[in-house]
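# Coordinate analysis (summary)
Single-letter residue listing:
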Amino acid sequence: MTAITTTRLKLEGLHCAGCVRRVERALTELPEVEAARVNLATGTAEVEHSGPPAPLIGAVEGAGFGVARTDISLNVEGATCASCTGRIERTLLAQPGVLSAAMNLATGQARVTAAEGLADARALARAVTEAGYPATPLTAEARPEPGAAQAAEARKLARRAWIAGLLALPVVLLEMGGHVIPGAREALAGIVSETGLRVVSFLLTTAILAGPGRSFFLKGVPLLLKGAPDMNALVALGTGAAWGYSTLATFAPSLLPAGTAHVYFEAAAVIVTLILIGRTLEARARGRTGEAIRHLMGLQPHSARVVTETGLEDRPVELLAPGDLIEVRPGERIPTDGEIVEGQGPVDESMLTGEPMPADKAPGDAVTGGTVNGAAALRFRATRVGRETALAQIVAMVETAQGAKLPVQALADRITGIFVPAVLAAAALTVAVWLIVGPDPALGLALVAGVSVLIVACPCAMGLATPTSVMVGTGRAAEMGVLFRKGDALQSLSGVATVAFDKTGTLTEGRPELTEARLAEGFDRGEVLAAAAALEARSEHPLARAILAAAPDHPEAEGVEALPGFGVRGRVGGRDVLVGAERLMAREGIALGPLEAEAATLAATGATPVFVALDGRAAGVLALADPIKPSARAAIAGLHRMGVATALITGDTEPTARAVAAELGIGHVVAGVLPGGKVEALQGLRAEGPVAFVGDGLNDAPALAAADVGLAIGTGTDVAIEAGDVVLMSGDPQGVVNALHVSRRTLANIRQNLFWAFAYNVALIPVAAGVLYPLNGLMLSPMLAAGAMACSSLFVLSNALRLRGLGPLEARS
């Protein structure tokens, strides 16, 4: 009888008894569920069921509710190839509550998404450890410096490689020195005998396999016995076979067929040495892929100069608290996020935003930790410290993107899942064929061919092909002010056919100015501006600041209500006031009269008309002009050169939108739409292919989330940034071009890596098996196979590291 277990799920979206019934019904309809009880007060579901909990989660989500999730990171040791990552991921996915798992060979970290309360980090680490890969939970406090693990691994591997090399050198000289110095081996054999030379080689090779090379056997043999062999198993089988055959030929040659008692100690010794050298170089190269993260983390100073009652005190940044008053001298880095209270001057923010021009700062302005103060001394009040700072959040975003598994890797994962067993089968078939049809000495030739197949086919390069390129590409993008919040956006962006832009704050400065006010008969300019400013004082819209600047001495408003996509309403001095777009006036049934033509005239110049109504009558129309960003035209032209179409989707009026689009060279315009209308407009553009949307405002969040790729302007609202897949830290539209450039170059790099990783194995396995021997007598030496295998991984890594030279595209109109 199947065991019944009780699983407790934390639910999201429960509001009433009807919600409870829907969830319970969805759960009890599953055949494996015995009973389900949902508690509205605690927001939990207790389910008695058989089998894994994954179907329960699917049933809850299918009913329209959510299951709380948690992210868990593990530091995993011993993963060396694509088959290792596949085994680790399968082990994690088999654990209760785990919804997704991704092992990154380049960083040595596994990231797991699980149902909250069902998965424990220690239990997951224990499961991975039992699978043959020592793992420990990775917490934010104990997160190692990027590249530190690879550097430590490289030092350890280097020591083992040196020891193996020193021990292998005499073996190679004894077995092959006669080819360099004729008669040398015969002379040595005359002194200590041929058997004596073989015993020396046996002792040295045994020391190599038992010392520097023992990890191949300690890791590979248990996995082989479990039926899940990895690269270590292939190396252990290959070197073990060469050592075992040679040992037999040394101490019991009579057990072998006549003429086949040859020794291959040098092959086993050199294979271990070459693989250790390759892994050392590989670890060093993998460490360099995290250089961008180290650079970002290095931007924060270690200490801050805090102003106290007794004077200035140097304090470690870890001990800073919100509210601390901090002094920064000219040329120093700002230690944490804050708000200036004293001093005025430029601050270089290029390291975070990619914007080369310093930003002028004055009291009340925000400063960001990691940026560089200019020529003036500043004092600022700390607002965010530690993991809450913008720099820490940027590092977290980049780490998340670097740990992602791209869809392009799916094919590689499917192939590597069966690759190692297929290699073992190919090696066995190779040995069998040589034994059956091979010339004398068939046994020796079969051994050489089988070992060569095992060694040359190790799938290290396949496992490194994608993550190394992703790490370097996203890291380089971060240095240009482009943050990929979601790793799969790196691939999705490369294939977009159209980039749609919001207008205000995205293509324009977002700092509009009141250029003109045209009034209806009987209304005074001062009263209309004051009434409008009173309402706009409560608004977050960029246009509000322009109206406020025109009437700073405005009265207080009451009952102010924001009308997203329309405008704002309220009462000022006992009068009903409406401020907003023409559609607001139409919705409220307010006749515009001559103001309608006046608005059309203003919009044709590129200004945005904003109507004001007092007590149900149209009082005036205000012209607000928002200058276009200097780089906008070059960004649009750059996208067109890259073969990408552009569109403008805005809530502004049709004439204003078309005037801006004509100036920038944008052909497709959708104007006068509400936030929901932007989503519909994106659906219309999808007929030409995937669509990206660029925006910065609260009303852009739905479109950013609905687009195939959402690019949020980093100077915009937090809601827009959270909805975006990519964040452009500066407000420069050229960041869109750079993001697309990085995306395409990184994907091209990944495809190159995958091609060469697969092509290498496909090409060399037959050569290692000996298909060329009947034609020209050529056999691939196991030593050359080991060298070639190491070179394939280094090729993939060096190709990925080329992305470090990637720079922003030059802006050209």
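Remember, it's a predicted structure, so these values are computed and weren't measured experimentally. (Residues numbered from 1 in each chain as written. Predicted model: local features only at pLDDT ≥ 70, side-chain atom pairs only at ≥ 80, totals over all residues. Heavy atoms only, no water.)

## Examining the overall build of the protein chain
- Counting secondary structure elements, the protein chain contains 29 helices and 30 strands.
- Counting the 813 residues in the protein chain, one finds 53% classified as buried.
- Put simply, of all contacts in the protein chain between residues at least 6 apart along the chain, 69% involve residues at least 24 apart.
- By element, 58% of the accessible surface of the protein chain is carried by carbon and sulfur atoms, the whole surface being about 34,300 Å². (Helix = DSSP H or I, 4+ residues; strand = E, 2+ residues; numbered from the N terminus. Buried < 20%, exposed > 50% of the residue type's maximum accessible area, 1.4 Å probe, protein only. Contact = heavy atoms within 4.5 Å. Areas by Shrake-Rupley, 256 points an atom, 1.4 Å probe, with all protein chains shown as cover.)

## Observations concerning helix α22 (residues 632-641)
- Of all 10 residues making up α22, 7 are buried, and the element is well covered by its neighbours.
- Residues of α22 that are buried include every one of A632, A634, A635, I636, A637, G638 and L639, and no others.
- Where α22 is buried, its residues meet β19 (498-501), β26 (645-649), α23 (654-664) and α27 (734-769).
- Directly beyond the C-terminal end of α22, a positive phi value near 80° is found at G643.

## Remarks on the sheet that holds strand β9 (residues 303-308)
- The sheet built from 6 strands is open, its strands ordered β10-β9-β11-β17-β12-β15 with antiparallel pairing. In the strand order of this sheet, the two ends are held by β10 (311-316) and β15 (366-367), each with one partner. (Pairing = 2+ DSSP bridges.)

## Topic: the environment of L778
- Residue placement: L778 occurs in the loop between α28 (773-776) and α29 (782-801).
- On the basis of relative accessibility, which here comes to 42%, the residue L778 falls in the partly exposed class.
- Discounting residues that sit within four places of it in the chain, L778 has contacts with L772 and Y773.

## Focus: a nonpolar patch on the surface
- Taken together, the side chains of L429, V433, L435, I436 and V437 present a nonpolar region at the surface, about 510 Å² in accessible area.
- Mapping V433 onto the fold places it in helix α14 (residues 410-437).
- Judged by relative accessible area, which is 40%, V433 ranks as partly exposed. (Patch = residues over 30% accessible without salt bridge, like charges linked within 9 Å, V, L, I, M, F, W, Y side chains within 5 Å. Salt bridge = Lys/Arg side-chain N within 4 Å of Asp/Glu carboxyl O.)

## Digging into the environment of W756
- For W756, the location among the structural elements is in helix α27.
- Here the alpha-carbon distance between W756 and A465, two residues 291 residues apart in the chain, equals 9.0 Å.

## A word on the packing of aromatic side chains
- Inspection of every chain in the model, using the stated rule, returns 6 aromatic pairs.
- Look at F202 and W243: their rings are 6.0 Å apart centre to centre, the planes differ by 25°, and that puts the pair in the stacked class. Placement of the pair is F202 in helix α7 (residues 194-210) and W243 in helix α9 (residues 231-251), with a sequence separation of 41 residues.
- Accessibility expressed as a relative area gives 16% for F202, which makes it buried.
- Aromatic pair F202 and F265: ring centres 6.2 Å apart, planes at 65°, arrangement edge-to-face. Pair noted here: F202 is in helix α7 and F265 is in helix α10 (residues 265-289), with a separation of 63 residues, a long-range link. Pair check on accessibility: F202 and F265 agree, each one buried. (Phe/Tyr/Trp six-rings, centres within 6.5 Å; stacked < 30°, edge-to-face > 60°.)

## Quick look at the pattern of salt bridges
- Scanning all chains against the criterion turns up 20 salt bridges.
- One network of salt bridges, with partners in common, ties together R37, E46 and E48.

## Some words on the packing of α22 against α27
- Relative to each other, α22 and α27 sit at 25°, their axes nearing to 7 Å. By the angle between their axes, α22 is roughly parallel relative to α27. On α27, the residues that touch A634, A635 and L639 of α22 are Q734, V736, V737 and L740.
- By residue class, the composition of the contact of α22 with α27 is 6 nonpolar, 1 polar and no charged. (Axes fitted to C-alpha atoms, helices over the stretch in contact; angles between N-to-C directions. Parallel < 35°, antiparallel > 145°, perpendicular 65-115°, else oblique. Nonpolar A, V, L, I, M, F, W, Y, C, P; charged D, E, K, R; others polar.)

## A closer look at the UniProt feature "transmembrane region" (unreviewed entry) in the protein chain
- UniProt marks residues 161-181, 187-210, 231-255, 261-278, 415-437, 443-466, 754-773 and 779-797 with the feature "transmembrane region" (unreviewed entry), using the numbering shown here.
- Helix makes up 84% of residues 231-255 and strand 0%. Its end C-alpha atoms lie 31 Å apart.
- Between the first and last C-alpha atoms of residues 261-278 the distance is 31 Å; the span itself is 78% helix and 0% strand. (UniProt positions renumbered as here; feature names shortened; annotations may be inferred.)

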